[in-house]
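What follows is the residue order along each chain.
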Amino acid sequence: MSKHKSHHDICKICRSQCCQYYALQLDTPRSYEDFEKLKWFLVHEKTKIFVDKKEWFLEVLNPCRFLTEEYHCSIYDKRPQVCREYGITSEGERDCHGSDAHIKHDHYFDSIEQIDEYTKKRFSRKSKK
Ligand code: SF4
Ligand code: SF4
């Protein structure tokens, strides 16, 4: 994912954050039961959930096996297409979370307590409507 040529300097500073996890999109949780199911992911180590632009993702903090200690890609010429496309829009703008190492998501959950808190607020708001 890292080391788009035009963003090479930024990628160096960021130490290849995007190569240190993978994320999979989740079905958007809607019911109380859906949120209960999300908690099962979060009982596992190195597993988080984040929300960006109303889309929910499971994040697994598991570095790529091809990332070197110097934060280089050891299979750069053969890296997957996902890696080649990550972090840049079709207009050529940078679009990634790693540049300043401050990942900003709309929501970020790393414990079942945080899901409980979110669920409590969300469903109490609905019941008041
Ligand atoms: S997260 Fe962004 S800045 Fe960091 S290495 Fe990946 S593409 Fe480069
Ligand atoms: S293959 Fe290379 S660019 Fe892709 S995630 Fe692994 S280290 Fe990063």
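Notes on the overall build of the protein
Summing up its helical and strand segments, the protein has four helices and four strands in all. Starting at the N terminus and walking to the C terminus, you meet the elements of the protein as α-β-α-β-β-α-β-α. Counting contacts in the protein only where the partners sit at least 6 residues apart, residues at least 24 apart contribute 64% of the total.

Quick word on the site of ligand 2
As a matter of local geometry, ligand 2 sits amid 10 residues, with Cys 19, Cys 64, Leu 67, Cys 73 and Cys 83 nearest to it. Taken together, the residues of the shell around ligand 2 sort by class into eight nonpolar, one polar and one charged.

With respect to the environment of Leu 58
Tracing the backbone through its elements, the reader meets Leu 58 in strand β3 (residues 55-60). Looking at Leu 58, the number of C-beta atoms within 10 Å reads 17, which means it is partly exposed. For the pair Leu 58 and Phe 41, spaced 17 residues apart in sequence, the C-alpha to C-alpha distance is 8.1 Å. Filtering out sequence-adjacent residues up to four positions away, Leu 58 remains in contact with Ala 23, Leu 24, Leu 26, Phe 41, Thr 47 and Ile 49.

Focus: unusual backbone geometry
Even without glycine at this site, Arg 15 takes up a positive phi of about 55 degrees. Of note, Arg 15 is situated in the loop between α1 (8-14) and β1 (22-26). Assessed through the 14 C-beta atoms surrounding it within 10 Å, Arg 15 is described here as partly exposed. Unusually for a residue other than glycine, Ser 16 sits at a positive phi of about 55 degrees. By the secondary structure assignment, Ser 16 is in the loop between α1 and β1.

Details of the confidence of the model for the protein
For the protein, per-residue confidence averages 86 on the pLDDT scale, and 84% of positions sit at 70 or higher. Between residues 2-6, whose pLDDT stays under 50, and residues either more than four places distant or in other chains, the model counts 12 contacts.

Here's the deal with the sheet that holds strand β4 (residues 107-109)
Taken in spatial order, the four strands make up an open sheet running β1-β3-β2-β4, and their pairing is antiparallel. Edge strands, defined here as strands with exactly one partner in the open sheet, are β1 and β4. Strand-to-strand twist in this sheet, taken as the mean axis angle between neighbours without regard to direction, amounts to 25 degrees. For β1 and β3, the ladder comprises five bridges, and the chain directions are antiparallel. Pairing of Ala 23 across the sheet is with Glu 59, part of β3.

What counts, and where the lines are drawn
- The residue count restarts for each chain, going from 1 along the sequence in the order it is written.
- Each chain is given a letter, starting from A, and each ligand a number, starting from 1, according to the order in which they appear as written.
- It should be noted that, the model being predicted, local features are given only for residues of pLDDT at least 70 and side-chain atom pairs only at 80 or more, the latter also being counted only at that level, while totals for whole chains, interfaces and linings use all residues.
- The numbering of helices and of strands both runs from the N terminus, where a helix is a DSSP run of H or I of at least 4 residues and a strand a run of E of at least 2.
- Contact between residues is assigned whenever the C-beta positions, reconstructed from backbone atoms, fall within 7 Å.
- Near, for a residue, is defined by distance from a backbone-placed C-beta atom to a molecule or strand, with 6 Å as the limit that must not be exceeded.
- Side-chain classes follow a simple rule in which Ala, Val, Leu, Ile, Met, Phe, Trp, Tyr, Cys and Pro form the nonpolar group, Asp, Glu, Lys and Arg form the charged group, and the remainder, Gly included, forms the polar group.
- Between the buried cut of 20 or more and the exposed cut of 12 or fewer other C-beta atoms within 10 Å of a residue's own C-beta lies the partly exposed class, and all C-beta atoms are placed from the backbone.
- A residue's pLDDT is simply how confident the predictor is in it, with values from 0 to 100.
- Only strands that DSSP links by at least two bridges are regarded as paired with each other.
- Angular values range over 0 to 180 degrees, each being the angle between N-to-C directions of two axes fitted as lines to C-alpha atoms, with helices fitted over their stretch in contact.

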